[in-house]
2 protein chains.
Amino acid sequence: MKTKAIFYHAGCPVCVAAEQNVANALDPSRFEVEHVHLGQNKARVAEAEKAGVKSVPALVLGGQAYHINFGAGIEALR
Amino acid sequence: MKTKAIFYHAGCPVCVAAEQNVANALDPSRFEVEHVHLGQNKARVAEAEKAGVKSVPALVLGGQAYHINFGAGIEALR
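Analysis parameters
Residues numbered from 1 in each chain as written. Chains lettered and ligands numbered in written order. Predicted model: local features only at pLDDT ≥ 70, side-chain atom pairs only at ≥ 80, totals over all residues. Heavy atoms only, no water. Helix = DSSP H or I, 4+ residues; strand = E, 2+ residues; numbered from the N terminus. Contact = heavy atoms within 4.5 Å. Buried area = accessible area lost by both parts, 1.4 Å probe. Polar contact = N/O pair within 3.5 Å; in protein donor to acceptor, adjacent residues only side chain to side chain. Nonpolar A, V, L, I, M, F, W, Y, C, P; charged D, E, K, R; others polar. Buried < 20%, exposed > 50% of the residue type's maximum accessible area, 1.4 Å probe, protein only. Pairing = 2+ DSSP bridges. Least-squares fit on C-alpha atoms with pLDDT ≥ 70 in both. Disulfide = S-S within 2.5 Å.

A. Region of the structure containing the environment of Leu-61 of chain A. Mapped onto the fold, Leu-61 of chain A is located in strand β3 (residues 55-61). It is 8.7 Å that separates the C-alpha atoms of Leu-61 of chain A and Phe-7 of chain A, two residues lying 54 residues apart in sequence. Once residues lying within four places of it in the same chain are set aside, the contact partners of Leu-61 of chain A are Thr-3, Ala-5, Leu-26, Phe-31 and Tyr-66 of chain A together with Asn-21 and Val-22 of chain B.

B. Geometry of the interface of chain B and chain A. Taken together, the 17 residues of chain B in the interface contact 17 residues of chain A. Buried surface at the junction of chain B and chain A, both sides included, amounts to about 1,400 Å², of which 53% is carbon and sulfur. Per-residue buried area on chain B facing chain A is highest for Ala-25, Tyr-66 and Asn-69 of chain B; these three make up 36% of the total on that side. In this structure, the connection of chain B to chain A is made through 14 residue pairs in polar contact (both at pLDDT 80 or more). Breaking the side of chain B that touches chain A down by element, the ones donating at least two residues are α1 (13-21) and β4 (64-73) of chain B. With five residues, β4 of chain B is the single largest residue contributor to the side of chain B that touches chain A. Residue composition of the side of chain B that touches chain A, by class: eleven nonpolar, four polar and two charged.

C. Structural context of the pairing of strand β3 (residues 55-61) of chain B. Residue and element names in this part refer to chain B. Among the seven residues of β3, seven are classified as buried, and the element is accordingly described as predominantly covered. Pairing between β3 and β4: six bridges, direction antiparallel. Residue pairing for β4: Ala-58 is matched across the bridge by His-67. The turn joining β3 and β4, which pair antiparallel and follow one another in sequence, is formed by two residues; a positive phi near 60° is taken by Gly-62.

D. Focus on the relation of the copies chain B and chain A. Relative to chain A, chain B is turned by 180° and slid 0.0 Å along the rotation axis, the superposed coordinates differing by an RMSD of 0.0 Å. Such a turn and shift between the copies fits a two-fold axis. Interface overlap between copies: 100% of the residues of chain B at the interface are likewise at the interface in chain A, consistent with a symmetric, same-surface contact.

E. Structural context of the state of the cysteines. Residue and element names in this part refer to chain A. Taken as a whole and judged by the stated rule, the model has two disulfides over all chains. Linked covalently through their sulfurs, Cys-12 and Cys-15 form a disulfide whose S-S length is 2.3 Å. Every disulfide takes its handedness from the sign of the S-S torsion; for Cys-12 and Cys-15 that torsion is 70°, giving right-handed. Grouping residues by exposure puts Cys-12 and Cys-15 together as buried.

F. Highlighting the environment of Gly-52 of chain A. Residue and element names in this part refer to chain A. With respect to the helices, strands and loops of the structure, Gly-52 is situated in the loop between α2 (45-50) and β3. The class for Gly-52 is partly exposed, based on a relative accessible area of 26%. The spacing of Gly-52 and Gly-63 is eleven residues in sequence and 8.8 Å in space, taken between C-alpha atoms. Not counting chain neighbours up to four residues away, the residues in contact with Gly-52 comprise Ala-65 and His-67.

Bear in mind that shape data such as this cannot, by itself, settle questions of function.
Take a look at the structure:
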């Protein structure tokens, strides 16, 4: 069974770079990656914050949040 | 041909988590990941800084530095 990973972003340049180079680099045989644009999907901001996301872009993997560089603070997306 | 990725770390807990969950999650069919412990290999700190690494853990991929959460500043490792 594949591990679920969620890549949270806001379409910013830093987000796009992280998406193309890190999120898309994950092994597709082991991970199923969902991409969530929090700017367009504000209903999921609370879920991201609950997972520990403080800024985007961030990858939530195995229940842990991994912030990749810094594009925008989560508070700017609420 | 595989893309070379370098994961720079310093053995810190934040580094180990990022290594196990992000660096080791990269697709092995597309990426060859080198793991460099900067605390034990100070000769490579300059190379990491040249690649844009400001803190560890960081993944350098396609010539770009992706800082994953924050373990320690690079200046503490010189």
